[in-house]
Number of protein chains: 2
Amino acid sequence: MRIAVDVMGGDYAPGEIITGAIQAGKQFPDTELILVGREDLIKKDFSQLPSNIRMHHASEVMGMDESVESLRKKKDSSIWVATKLVKDKEADAVVSAGSTAAQMASALLLLKRIEGIDRPAISAIYPTLQGGKVILDVGANANAEAKQLVQFALMGKTYAEVILKMQNPRIALLSNGSEEGKGNETVVAAHQLLKNTQLNFIGNIEGRDIPAGTYDVAVCDGFVGNVLLKVSEGLGSALFALMKKEFEKDLRGKLGAALLLPGLKNIKKMMDYAETGGAPLLGVKGVSIICHGSSKARAIENAIRVARDCVGGRFIEQMEVSIGQEGGS
Amino acid sequence: MRIAVDVMGGDYAPGEIITGAIQAGKQFPDTELILVGREDLIKKDFSQLPSNIRMHHASEVMGMDESVESLRKKKDSSIWVATKLVKDKEADAVVSAGSTAAQMASALLLLKRIEGIDRPAISAIYPTLQGGKVILDVGANANAEAKQLVQFALMGKTYAEVILKMQNPRIALLSNGSEEGKGNETVVAAHQLLKNTQLNFIGNIEGRDIPAGTYDVAVCDGFVGNVLLKVSEGLGSALFALMKKEFEKDLRGKLGAALLLPGLKNIKKMMDYAETGGAPLLGVKGVSIICHGSSKARAIENAIRVARDCVGGRFIEQMEVSIGQEGGS
């Protein structure tokens, strides 16, 4: 198996990305890793690479906030070159922590959409009281129609089954009320469509169910998904900041905090995206793993594991089967 | 000042509602409180009422999940009767922890909309690292057009100024990215409209800014607002549940938790809606204070305080002035 790693993308590129790839290379000696990026930068800090890791030069970088249009002029950017390796069957998957917009555009243009899917979606694993659950879309589609929400459900189901090994995953529709008629126009329409699929559709869930984890896959549009993920991240950080402040007020607090440190660390770890690593871009004909922009080595290592699982589990083929079964939905 | 309290609405009605009213009655001896509900139930547990508290009989109750349609047949329901007291100038404000839909419908039908407002909105005070901030709409409008988001901004501004005593409040638009072009179609259009108002519009904010508190009023549609509030509530509960579990694992955890109890209680208090009490329904010509369904006495007491502030601060008149100034926006 060969996995292309975009070493130029992300807040800690290229150092942490390369370190993560080297760690993954040790962990998976059967896997060949291709570091895509500027050879001079890679060589500068990593003069010796393990035998299952090699470089593939790409002279340009897509900035985090660069418009997707400029991708057309940057055909030697690391994300484009890495994705092209997959298209040309020189790699089985691509992993990147760079601009999600650029990664998605590269995948759409080079790998193409799976038939029956209007637009790709991005999923996230949300840490809940009942383990990690899938939420999608979390950012690819700020506007989504009802039938696209159904497509998200189908893609989420396949992801949950093939990669997360969930059996007959419970699919829920995120709404502002649990009753069938609740929601905005799109969600109300999507509810009716979902009822008529073969999916294990458990109906609407509310925001408070998201951290409770009473579902396996939660479906929403990319605007709502983005807000919900970022509010959760922000609230987690704010609570830990508040606790720190409270606990540092006096000796009693300091002593208590020291005693609780292992427990608090467990919770932080549970909420840490680095443990998940990355999630496949859903709906394109090739494995493209999206990592958080602030990924460090451990996140990249885990993302490479996810890429391996996707390739090994024949994720794309399974996705095509799932989408095909629901046909014209 | 006379405030009508719907004692039949809410999870803990009528006991906690009446207790809250009695507490408020003691705190504000200049205020006359009118307990609206079944006299037999009120008398059963509260045989003697203080001199500034009296009863006003209403034989029916609107259930929490009852459809708004049934309100037309329940003209003797406590929320309808209490709101009618405001319409008939027999009360200056109404406070309820009952069905928000019924409270809003009663206000719309009896008190009517403020000119220039298409639909009323519900606001919430969100506890942030920089104090409580206003978010609206949080549930009245699952579908909202761009011009309605502007109306929410205007109403939120008046609320922040008159009730929360904020000066020149910073108005932000919640989106999936801070850049001007980010958002779904409605949000992108609203951004352009907001730029052309007299408001102190600081542009888009993202989900993670919500708990950080880098704004004074955050505007979103009622679907997104509802999801964001409920995710926050759920995540707060989940984190405290996780901590409890971690801390009860061993003696070290138990001891640490005992030491940190005061600090943790401070944080819980900060996140407690009971401290806020309630928020006025925005956009109707009369003061109608919406309380959380699970309000206990302390929340009701605080909600009555909010009602007093609204009446005393000439909230409705100020709102009409704000809306009038922006004219045809």
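Predicted, not measured: the structure shown is a model, and the values here were computed from it.

Quick look at the sheet that holds strand E5 (residues 121–128) of chain A now. All names here are of chain A. Ordered in space as E3-E2-E1-E4-E11-E10-E5-E6-E9-E7-E8, the 11 strands form an open sheet in which the pairing is mixed. Taken across any chain shown, the strands that pair with only one partner, and hence form the sheet edges, are strand E3 (53–57) and strand E8 (201–205). When strand polarity is set aside, the average angle formed by the axes of neighbouring strands in this sheet is 30 degrees. The pairing of strand E6 (residues 131–136) with strand E9 (residues 217–219) spans three bridges and is parallel.

A few words on the domain arrangement of chain A. When the parts of a complex come together, some accessible area is lost, and that lost area is often used as the size of the interface. All names here are of chain A. Domain boundaries in chain A define domain 1 (1–117 + 283–313) and domain 2 (122–275). With 16 residues of domain 1 at the contact, the number on the domain 2 side is 10 residues. Carbon and sulfur atoms make up 63% of the surface buried where domain 1 meets domain 2, a total of about 1100 Å² over both sides. Linking domain 1 with domain 2 are one residue pair in polar contact (both at pLDDT 80 or more). Sorting the residues of the side of domain 1 that touches domain 2 by element identifies helix H4 (100–110) and helix H11 (297–312) as the ones contributing at least two each. Broken down by element, the side of domain 1 that touches domain 2 gets its largest block of residues, six residues, from H11. Residue classes in the side of domain 1 that touches domain 2 are distributed as five nonpolar, eight polar and three charged.

For an α-helix, the turn length of 3.6 residues means that residues three or four places apart are oriented alike. All names here are of chain B. Taking 1.5 Å per residue as the helical rise, helix H12 (residues 315–326) with its 12 residues ought to reach 16 Å, and the 17 Å between its terminal C-alpha atoms agrees with that figure. Where H12 is concerned, the buried positions are Phe315, Ile316, Met319, Ser322, Ile323 and Glu326. Here the buried residues of H12 occupy an arc of 120 degrees about the axis, which is enough to place them on one side. In H12, the exposed residues that point more than 90 degrees away from the buried face are Gly324 and Gln325.

Quick notes on the rules
Positions within a chain are numbered from 1, following the residues in the order the chain's sequence is written. Chains and ligands are labelled sequentially in the order written, the chains with letters from A and the ligands with numbers from 1. Residue-level local features of this predicted model are given only where pLDDT is at least 70; pairs of side-chain atoms are given and counted only at 80 or more, and the full residue set underlies all totals for whole chains, interfaces and linings. Side-chain measures were taken over the full set of non-hydrogen atoms in the model, leaving aside hydrogen atoms and water. Any two strands are treated as partners once DSSP identifies two or more bridges connecting them. The secondary structure listing takes helices from DSSP runs of H or I that are at least 4 residues long and strands from runs of E that are at least 2 residues long, numbered from the N terminus. Helix axes use the C-alpha atoms of the stretch in contact, all axes being lines fitted to C-alpha atoms, and the angles between their N-to-C directions lie in the range 0 to 180 degrees. What counts as a domain boundary in this text is fixed by an automatic or database domain assignment. Two residues qualify as a contact provided that any one of their heavy atoms is within 4.5 Å of a heavy atom in the partner residue. The term buried area denotes the loss of accessible surface (1.4 Å probe radius) that occurs when two parts are joined, taken as the sum for both partners. Pairs of N or O atoms are called polar contacts if they sit within 3.5 Å, as long as, within protein, a hydrogen donor faces a hydrogen acceptor (for residues adjacent in sequence, only side-chain-to-side-chain pairs). Any residue that is not Ala, Val, Leu, Ile, Met, Phe, Trp, Tyr, Cys, Pro, Asp, Glu, Lys or Arg is counted as polar, Gly included; the first ten are nonpolar and the last four charged. Expected helix span is computed as 1.5 Å times (number of residues minus one). Exposure classes here rest on a 1.4 Å probe applied to the protein chains alone. A residue is buried below 20% of its type maximum, exposed above 50%, and partly exposed in between. Regarding the arc, it is the one traced by the directions from the helix axis to the C-beta atoms.

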